[in-house]
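# Descriptive analysis of the structure
Here are the chains, one letter per residue:
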Amino acid sequence: MSHNRNPRTRVLTAAATVAVAALSLTAYSNGASAHAEGARAAGAAKAKAAVTCQGSNTKTVAAPLSRPVNHMLLTVTNTGSVPCNLYHYPAVQFGEAQSVPPVIEASKPQAVVTLAPGASGYASVNLSATDGSGSNGHTEKSLTVYFQGRTADEDVPSAAHPSLPAKGVYVDDSLKVTYWQPTFEDAIIW
């Protein structure tokens, strides 16, 4: 048997070897590039990870509504540079109240409300019974809005203190709040 190869076979073999080597280098190069891009993307995602909304990274406005009657709308706007999450519902305290009103369980949204920088979330406060059945009615002139964390043991140190109208707002024992909502319309249906 002869080990002499045809010159044409040698050229094709050499060309195939060069092609395989080139593809291997390209794959390695693209893999390294993809790895670097993945690391940059992960860093950017970490930098933009959402934080808990609280008084220090939001602006809260309390506005009584003409419809539905005896309601007030809380609007929270993210003033920070990263997204923030509005967990659960606002724990509102009118004046020197010793407890916060209950939440309307049926108003719980399907997902946590996340606010991009500059975006707003909403909650409705049912101030008093529309049929007059509430008791211990009185006028309050100050409001504190406490934010909640993802879990009950998460400390959210900064509350909001939105202004109320100069004449105050009338509240009674039927006072209750909704969960945070992504839209104004979702908040006022309760």
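Residues numbered from 1 in each chain as written. Predicted model: local features only at pLDDT ≥ 70, side-chain atom pairs only at ≥ 80, totals over all residues. Heavy atoms only, no water.

Per an unreviewed UniProt entry, the chain carries the name DUF4232 domain-containing protein and comes from Streptomyces botrytidirepellens.

Within a sheet, adjacent strands bond to each other through the backbone by hydrogen bonds, running parallel or antiparallel. A sheet is described by the order of its strands in space; here four strands give the open sequence β2-β3-β6-β10, paired in antiparallel fashion. Strands at the two margins of the open sheet, each flanked by one partner only, are β2 (58-65) and β10 (176-177). Of the strand pairs in this sheet, β2 and strand β3 (residues 71-78) are connected by eight bridges, and their pairing is antiparallel. The residue bridging P64 from the neighbouring strand is M72, located in β3. (Pairing = 2+ DSSP bridges. Helix = DSSP H or I, 4+ residues; strand = E, 2+ residues; numbered from the N terminus.)

Computed from the structure, the largest pocket encloses a volume of approximately 220 Å³. Forming the walls of the largest pocket are 13 residues, and the residues nearest its centre are A97, S99, D172, D173 and L175. If you list the elements that add at least two residues to the lining of the largest pocket, you get β4 (84-94) and β7 (138-140). Each residue belonging to the lining of the largest pocket can be placed in one class, and the counts come to eight nonpolar, two polar and three charged. (1 Å grid on protein atoms, 1.4 Å probe; cavity = no way out; pocket = protein on both sides within 12 Å on 5 of 7 lines; lining within 4 Å. Points joined across faces, edges and corners; volume = space filled by probe spheres on them. Nonpolar A, V, L, I, M, F, W, Y, C, P; charged D, E, K, R; others polar.)

This part takes up the environment of N70. As for its position among the elements, N70 is in the loop between β2 and β3. What makes N70 partly exposed here is its relative accessible area of 28%. When the C-alpha atoms of N70 and V125 are compared, they prove to be 8.5 Å apart, with 55 residues separating the residues in sequence. There is a polar contact of 3.4 Å between the side chain of N70 and the side chain of S128. (Buried < 20%, exposed > 50% of the residue type's maximum accessible area, 1.4 Å probe, protein only. Polar contact = N/O pair within 3.5 Å; in protein donor to acceptor, adjacent residues only side chain to side chain.)

The next thing to look at is the nonpolar core. Counting residues in hydrophobic clusters, the biggest one holds 27 residues, and the most contacted among them are M72, L74, F94, L143, F147 and W180. Elements represented by at least two residues in this core include exactly β3, β4, β5 (113-115), β6 (120-126), β8 (143-148) and β9 (169-171). The dominant element in this core, judged by the number of residues it contributes, is β4, at four residues. (Core = buried A, V, L, I, M, F, W, Y, C linked by side-chain atoms within 4.5 Å.)

Taken across its eight residues, β3 has seven buried, putting it largely inside the fold. Connecting the antiparallel pair β2 and β3 is a turn made up of five residues, with N70 showing a positive phi of about 60 degrees.

Most of β6 sits out of view: six of its seven residues are buried. Two strands pair when backbone bridges link them, and β6 and β10 are joined in this way by two bridges, in the antiparallel orientation. Across the sheet, the residue bridging to N126 is K176, located in β10.

The next thing to look at is the state of the cysteines. Summed over the entire model, instances satisfying the criterion amount to one disulfide. Across a sulfur-sulfur distance of 2.1 Å, C53 and C84 are joined as a disulfide pair. One disulfide, between C53 and C84, carries an S-S torsion of 85 degrees and so falls in the right-handed class. Of this pair, C53 sits in the loop between β1 (51-52) and β2 while C84 sits in strand β4; the two residues are 31 residues apart in sequence, bridging distant segments of the chain. (Disulfide = S-S within 2.5 Å.)

A few words on the side chain of S128. Mapping S128 onto the fold places it in the loop between β6 and β7. The residues touching S128, leaving out its near neighbours within four places in the chain, are N70, Y170, V171, D172 and S174. (Contact = heavy atoms within 4.5 Å.)

Per the counting criterion, the structure on display carries two aromatic pairs. Taking 5.4 Å as the distance between ring centres and 85 degrees as the angle between the ring planes, the aromatic pair formed by Y89 and Y179 counts as edge-to-face. On the criterion of sequence distance, the pair formed by Y89 in strand β4 and Y179 in the loop between β10 and α2 (184-188) is long-range, its members being 90 residues apart. Here F147 and W180 contribute two aromatic rings whose centre-to-centre distance is 6.0 Å and whose plane-to-plane angle is 10 degrees, an arrangement assigned as stacked. Taken as a pair, F147 in strand β8 and W180 in the loop between β10 and α2 lie far apart in primary sequence, 33 residues in all. Judged by its relative accessible area of 1%, W180 falls in the buried class. (Phe/Tyr/Trp six-rings, centres within 6.5 Å; stacked < 30°, edge-to-face > 60°.)

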